[in-house]
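# Chains, contacts and geometry: an overview
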Amino acid sequence: MLDAPARTRFARNRSALAGAAVVALLVAFALVGPLLASHGALESDFARGVAPDAMPVGPSAAFPLGADRIFRDVFARLAVAGRLSLLVAVSATLIASAIGAFVGIVAGYYEGTRQHLPWPAAVGLVGALGAVASGCTRLAIGALIAGTTASLLRRFGGPRLDVDGLLMRTVDVMLAFPFLLLVMAIGAALDRTSAVTLFVILGATGWMGIARVLRARTMQVRSLDYVAASRALGQPPGSVMFKHVLPNVAGPLIVSATVLVAQMIVADSVLSYLGLGIAPPTPTWGRMLFEGQDYYSTAPWLVAAPATAILLAVWGFNMLGEGLRDAIDPHEA
Amino acid sequence: MRSILTKPDTPGPSLALCALVLLGAPLGCDTTLPFPVASAHSEDSPPRRGGTLHLATYGDLRSGIDPASGTDQSLGPIHLVFAGLVDYDGSARVVPDLADHWAVDDGGRTYRFVLRVGVIMHDGAELTADDVKRSAERALHPSTPDPNASYFANIAGYEAYAAGRADHLAGVVVEGRYVVAFHLAKPDSTFPYLLAMHTLRPTCRSAGDRYSDAWLACGAGPFELPPSGWRRGTSLRLVRHPGYFRPGEPYLDAVEWTFNMKALAQRVRFERGELDLARELTDGDTARFMADARWRPLGTVEADTSIYGESMNTRMAPFDNLEIRRAVAAAIDREHLRMVQPSRMSVLTQALPKALWDDPSFAGQGYDYPAALQHMKKAGYPFDPVTGTGGWTEPIEYLLFDQGLDVYTAQLVQQDLAKVGLRLRLHLVSYSAFLTLQERADASAMSQGNWMLDYPDPSSIFDPLFTTEAIASEGSFNTAFYSNPRFDELAARAHLEADAAVRRALYREANAILCDQAPWAFTFGHHNFDVRQAYVHGFAPHPVGPLDVSGVWLDRAGEALERALGGGLR
């Protein structure tokens, strides 16, 4: 993915290095911060956290980033929230990348042709979606029966479908919904939100951009000689896509995924800010920002800390992604 | 009625904008308060007529401007548009308003009101006893969405009328053009308080016999609603009622509200002199105004009119165990809860707000950690604080909604109860879901209970929250589903008792039962803080909470110049 020239280009890109450094620092802060804090993230300190005017204390030795409105350590909460935000964002990105890569490569591979559907893959996808969607076994069974029937039909020359058109119109429909609105609607519909439900929602609704990028790249790769040779030798389409196409689109996939992490951090923060994220007392950056906004004039650290963390994280991942793109594909820079 | 710890916290700005704005604050934005806008004359000068009072609120008039349906933010405008037969004086005593006087007959079963003669309503018609009866029947009709209708169930014939079996409310009788009598099924010494509420305030004939939200509010209050005065969701403008029955009043030409304005925006506009009076400041801003010697004299700390507590469902485990409820009541450090909003909260250790019950000799609940551990032991669930073992092993679901300060107090309660072996799991839901679940018998083990006085009497707390009669399988205000025959008996006897000292003794025993049996762990009372510009005079807080500006007058320095410039200074 990153050959020697690409590594050199990356090392010469100051923005990319700064982005990588910020991301590394944030990860380190999230991992080590709670251990360095003098207070637990959930623990109020009424002895040292209260200023004489009954407001939370500002930054001090005991509270490096001040105390929040119920006198908890903002530093400890920021670090714990960082763990959660990074976990949710990275997990959601992995899910989105997997779905986006699958859809993009399949669509790009079959672009311009009408094919019998790759039934085993389609049935697997529908079955998985059916299982995710409220664990409805009837839907999964129905999809299985439909897939099996279609496979039998295929043997007798069943219908051919424009796979690319079907997948890309699905992408268009999903892109037509504002991403955050869609995520908020799903979040609001859930009775409880956990880290798992959060990254599944974000991942399941955030893959379309990656699918489009990889479709375009796959369309380039599929016409390369060695891919054509593999097909001519009778290698099954799935094998060609996995063994020959995927490694050649990995670069754009990594770049898109890195930028997507930043979007996921924002989405996670927005959900928390709107009260649709993980319930208190677990800290999240968005929730901390929401809780602090009314106090920006009297206790500005309550908003400055999470706002800075969100800004740095988004900036860092964006710079890192841009740098990777420039390094991997200098012609697009 | 229910109250929310008001904090205008509905999310608004985008994260990016918020981050940019908020990051600016620590980088040197000026947070010094400006000088109050001065008054042209001294405080003790006679009231002056004229001017428009500008107010704002984070909310909206969702329940309309109708005494039959109004709640929350609607109560302030309703109070100005609709006068009642009685109202409160400055000492929270019930005094005649539209009524000239009243008499109690039939052993406390009949309240007979003689109306003032010549009271002109906003439509120009004279107020008569027929208007009083029609308005009462309109408000209490089963088709009216009146949240307070059950308060009037003691009026004779209410049951048949509310069930749709009678066309008229038999207990309200017109005895002459200006005489109306309320006949009660049983004596009730709190009835004048009920009439001081907004529910039965007379409406104009244009209101009709039945409720409709398309009606233009029209009553006999000091201000009237012009045809285009209410822009739903945006603003409300009330203008002086020229025929108001108190000569020379009101002093203001108009009162204007702007709706859906966040607390920060309200503070900024108040500081600029664009708002004349502010009530909904954030706690941080409240502290700033109270700490500033220039503004402190212009602030009004009202009496506690709300109670808050941890409501424990006595029909669900583990709170069907009395000792566990007592452990909760003893484990919560109320002083810590008060620190969440110190300028508006006060520690509460019994069932009544301080405005009603300020008796230091009364031993209620209180923070006592060793006692809490003892109660857990007696309950059969001993907890060892050193090892953190024992206690109630299952997590206890705590229902709350994401608005106001509940989220913060709930987290402190969660910390306190963990120290005695009760582990809460916070279940955050929308406000509507919160109400539905909290008021259902088997839905939530614990939640934050709150209640705002509808009238200044203990029965306003005891009857709806703790009597057996208030229990329902759905929509139960008795969210602890608490039932105690002795408590019910005391509450009922207090209603019948006319002697104030005897009533107080009955309420004292009832209060003691609640503190001991702990269907709620009473935690804090809540009051409003109002701050006004120096030129705003005559403001007096209402005894039970709604913003009452009926006596306000303005005397703004430089107003003559402002008028000459066409309002350019504002």
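Below is a short write-up of the structure. Owing to the predicted nature of the structure, the values given are computational and were not obtained by experimental measurement.

### Brief notes about the pairing of strand β10 (residues 235-240) of chain B
The side chains of a regular strand alternate, first on one face of the sheet and then on the other. Residue and element names in this part refer to chain B. As paired elements, strand β8 (residues 223-224) and β10 share two bridges and run antiparallel to each other. Looking at the pairing, Phe223 lines up with Arg240 of β10. As paired strands, strand β9 (residues 230-231) and β10 are joined by two bridges and run antiparallel to one another. Residue Arg231 lies in a different strand from β10, and its bridge partner there is Ser235. Bridge count for β10 against strand β11 (residues 254-258) is five bridges, and the pairing is antiparallel.

### Here we look at the interface of chain A and chain B
Interfaces are often described in size by the accessible area the parts lose on coming together. At the interface, 34 residues of chain A touch 30 residues of chain B. Taken together, the elements giving at least two residues each to the side of chain A that touches chain B come down to α11 (237-273), α12 (285-292) and α13 (301-328) of chain A. Sorting elements by how many residues they give to the side of chain A that touches chain B places α13(A) first, with seven residues. The residue inventory of the side of chain A that touches chain B, partitioned by class, reads 24 nonpolar, seven polar and three charged.

### Observations regarding helix α8 (residues 195-205) of chain A
Buried residues of α8(A): A:Leu198, A:Phe199, A:Ile201, A:Leu202, A:Gly203 and A:Thr205, and no others. At its buried positions, α8(A) is contacted by α3 (74-109), α7 (179-189) and α11 of chain A.

### Comments concerning the sheet that holds strand β14 (residues 306-312) of chain B
Paired through backbone hydrogen bonds, the strands of a sheet run either parallel or antiparallel to each other. All names here are of chain B. Spatial ordering of the open sheet is given by β15-β21-β14-β20-β18-β19, a layout of six strands whose pairing is mixed. A strand with exactly one partner marks an edge of an open sheet, and here the two such strands are β15 (345-347) and β19 (424-429). Each strand of the sheet is rotated relative to its neighbour by a mean of 30 degrees, with strand direction disregarded.

### Regarding unusual backbone geometry
Following A:Pro280, the chain continues into A:Pro281 via a peptide bond in cis, with omega recorded as 10 degrees. Structurally, the position occupied by A:Pro281 is in the loop between α11 and α12. Omega for the bond connecting B:Glu249 with B:Pro250 falls within 30 degrees of zero, at -5 degrees, which places this linkage in the cis form. As for its position among the elements, B:Pro250 is in the loop between β10 and β11. Positive phi outside glycine occurs at A:Phe71, with the angle close to 65 degrees. Relative to the elements of secondary structure, A:Phe71 occurs in the loop between α2 (14-36) and α3. Assessed through the 24 C-beta atoms surrounding it within 10 Å, A:Phe71 is described here as buried.

### Points about the environment of A:Leu182
Residues and elements named next belong to chain A. The residue Leu182 is located in helix α7 in this model. We classify Leu182 as partly exposed; it has 16 C-beta atoms within 10 Å. Placed 23 residues apart in sequence, Leu182 and Thr205 show a C-alpha to C-alpha distance of 7.7 Å. Ignoring sequence-local partners within four residues, the contact set of Leu182 consists of Phe177 and Thr205.

### Considerations on the sheet that holds strand β12 (residues 277-278) of chain B
Residues and elements named next belong to chain B. Taken in spatial order, the three strands make up an open sheet running β12-β22-β13, and their pairing is antiparallel. Taken across any chain shown, the strands that pair with only one partner, and hence form the sheet edges, are β12 and β13 (299-301). Two elements, β13 and strand β22 (residues 529-532), share three bridges in a ladder whose sense is antiparallel. Bridging across to β22, Gly299 finds its partner in Val531.

### Observations concerning the nonpolar core
The tendency in soluble globular proteins is for nonpolar side chains to be buried side by side. In terms of nonpolar packing, the biggest core is built from 169 residues, with A:Val106 and B:Val328 touching the most fellow members. Looking at which element gives the most residues to this core, the answer is α3(A), with 22 residues. Once residues lying within four places of it in the same chain are set aside, the contact partners of B:Val328 are B:Glu310, B:Met312, B:Leu417, B:Leu422, B:Ala518 and B:Ala521. Listed in part, the 82 residues of the second largest apolar core include B:Leu115, B:Phe182, B:Ala278 and B:Phe289.

### Description of the environment of B:Gln73
Mapped onto the elements of the fold, B:Gln73 is located in the loop between β1 (52-56) and α2 (75-81). Not counting residues within four places of it along the chain, the set of residues in contact with B:Gln73 comprises B:Thr57, B:Gly59, B:Asp60 and B:Leu61.

### Describing the packing of α3(A) against helix α9 (residues 208-221) of chain A
The relative placement of two packed helices is expressed as an angle between their axes plus a distance between the axes. Residue and element names in this part refer to chain A. The contact between α3 and α9 brings their axes to 7 Å, and the two run at 35 degrees. Handedness of the crossing formed by α3 with α9: right-handed. On the side of α3, the interface is formed by Ala96, Ser97, Gly100, Ala101, Val103, Gly104, Ile105, Ala107, Gly108 and Tyr109, while α9 contributes Met208, Ile210, Ala211, Arg212, Val213, Leu214, Arg215, Ala216, Arg217, Thr218 and Met219. When its residues are assigned to classes, the contact of α3 with α9 shows 13 nonpolar, five polar and three charged.

Rules and cut-offs
Residues numbered from 1 in each chain as written. Chains lettered and ligands numbered in written order. Predicted model: local features only at pLDDT ≥ 70, side-chain atom pairs only at ≥ 80, totals over all residues. Pairing = 2+ DSSP bridges. Helix = DSSP H or I, 4+ residues; strand = E, 2+ residues; numbered from the N terminus. Contact = placed C-beta atoms within 7 Å. Nonpolar A, V, L, I, M, F, W, Y, C, P; charged D, E, K, R; others polar. Buried ≥ 20, exposed ≤ 12 C-beta atoms within 10 Å, placed from the backbone. Axes fitted to C-alpha atoms, helices over the stretch in contact; angles between N-to-C directions. Core = buried A, V, L, I, M, F, W, Y, C linked by C-beta atoms within 7 Å. Left-handed = near helix turned anticlockwise from the far one by under 90°.

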